[in-house]
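The chain contents come next:
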Amino acid sequence: PRDLHAVIIGMPGAGAKAVAAHIVTGEFPATPEEAASALEWRKISRTFEKLALHVIGLGSQQALWRRYLPSAEALVFVIDGSGEIDPDRLTGSLNIALKDSGLQDGVP
């Protein structure tokens, strides 16, 4: 199978680590400790797609983005659309992810 590394990041409180945990386990974490387990690479074998998907949820911890984004082959950016969105803050965070964290060109 082909290995694919997906990094899940986002705005503070948006639930990026919970999304990562849900992708891997099929359930949302019930405790902060369970959500924190998303901070490690977790593997999902996708037999039909012949894919070994490695997922890590970093959330809004930008200090970790520079460490993990260079190895990303897919990026998921999570926002919480249920409340007010500060466009400047969102743009700033997304620019850090896309330009200042070593993300390879062409990563979807």
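Refer to the preceding data block for the structure.
Residues numbered from 1 in each chain as written. Predicted model: local features only at pLDDT ≥ 70, side-chain atom pairs only at ≥ 80, totals over all residues. Heavy atoms only, no water.

Undergrad: Describe the layout of surface pockets, naming the residues involved and giving the relevant values.
TA: Considering only enclosed or pocket space, the largest pocket measures out at about 170 Å³ in volume. Lining the largest pocket are Met-11, Pro-12, Ile-79, Asp-80, Glu-84, Ile-85, Asp-86, Arg-89 and Leu-90. Each residue belonging to the lining of the largest pocket can be placed in one class, and the counts come to five nonpolar, no polar and four charged. (1 Å grid on protein atoms, 1.4 Å probe; cavity = no way out; pocket = protein on both sides within 12 Å on 5 of 7 lines; lining within 4 Å. Points joined across faces, edges and corners; volume = space filled by probe spheres on them. Nonpolar A, V, L, I, M, F, W, Y, C, P; charged D, E, K, R; others polar.)

Undergrad: Describe the environment of Glu-73, with residues and values.
TA: Structurally, Glu-73 is set in the loop between α3 (62-68) and β4 (74-78). Judged by its relative accessible area of 30%, Glu-73 is partly exposed. The spacing of Glu-73 and Leu-103 is 30 residues in sequence and 8.7 Å in space, taken between C-alpha atoms. If near-sequence neighbours (up to four positions away) are discounted, Glu-73 is found in contact with Arg-2, Asp-3, Leu-4, His-5, Val-107 and Pro-108. (Helix = DSSP H or I, 4+ residues; strand = E, 2+ residues; numbered from the N terminus. Buried < 20%, exposed > 50% of the residue type's maximum accessible area, 1.4 Å probe, protein only. Contact = heavy atoms within 4.5 Å.)

Undergrad: Explain the nonpolar core to me, using residue names and the numbers behind them.
TA: Within soluble globular proteins, side chains that are nonpolar generally end up buried alongside one another. In terms of nonpolar packing, the biggest core is built from 15 residues, with Ile-8, Ala-20, Leu-53, Val-55 and Val-78 touching the most fellow members. At the level of elements, β1 (2-10), α1 (16-25), β3 (51-59) and β4 are the ones that each hand at least two residues to this core. Discounting residues that sit within four places of it in the chain, Ile-8 has contacts with Ala-16, Val-19, Ala-20, Ile-23, Val-55, Ile-56, Gly-57, Leu-58, Gly-59, Val-76 and Val-78. In terms of nonpolar packing, the next biggest core, distinct from the first, is built from 12 residues, Ile-56, Ala-72, Leu-75 and Val-107 among them. (Core = buried A, V, L, I, M, F, W, Y, C linked by side-chain atoms within 4.5 Å.)

Undergrad: How would you explain the sheet that holds β1 if you had to name every residue and give the values?
TA: Reading across the sheet, the four strands line up as β2-β3-β1-β4 and stay open at both edges, with mixed pairing between neighbours. The strands lining the two open edges of the sheet, one partner per strand, are β2 (42-46) and β4. Here the average twist between neighbouring strands, direction ignored, is 25°. Looking at chain direction, β2 and β3 are connected through five bridges and run antiparallel. Among the inter-strand pairings, Arg-42 is bridged to a residue of β3, identified as Val-55. (Pairing = 2+ DSSP bridges. Axes fitted to C-alpha atoms, helices over the stretch in contact; angles between N-to-C directions.)

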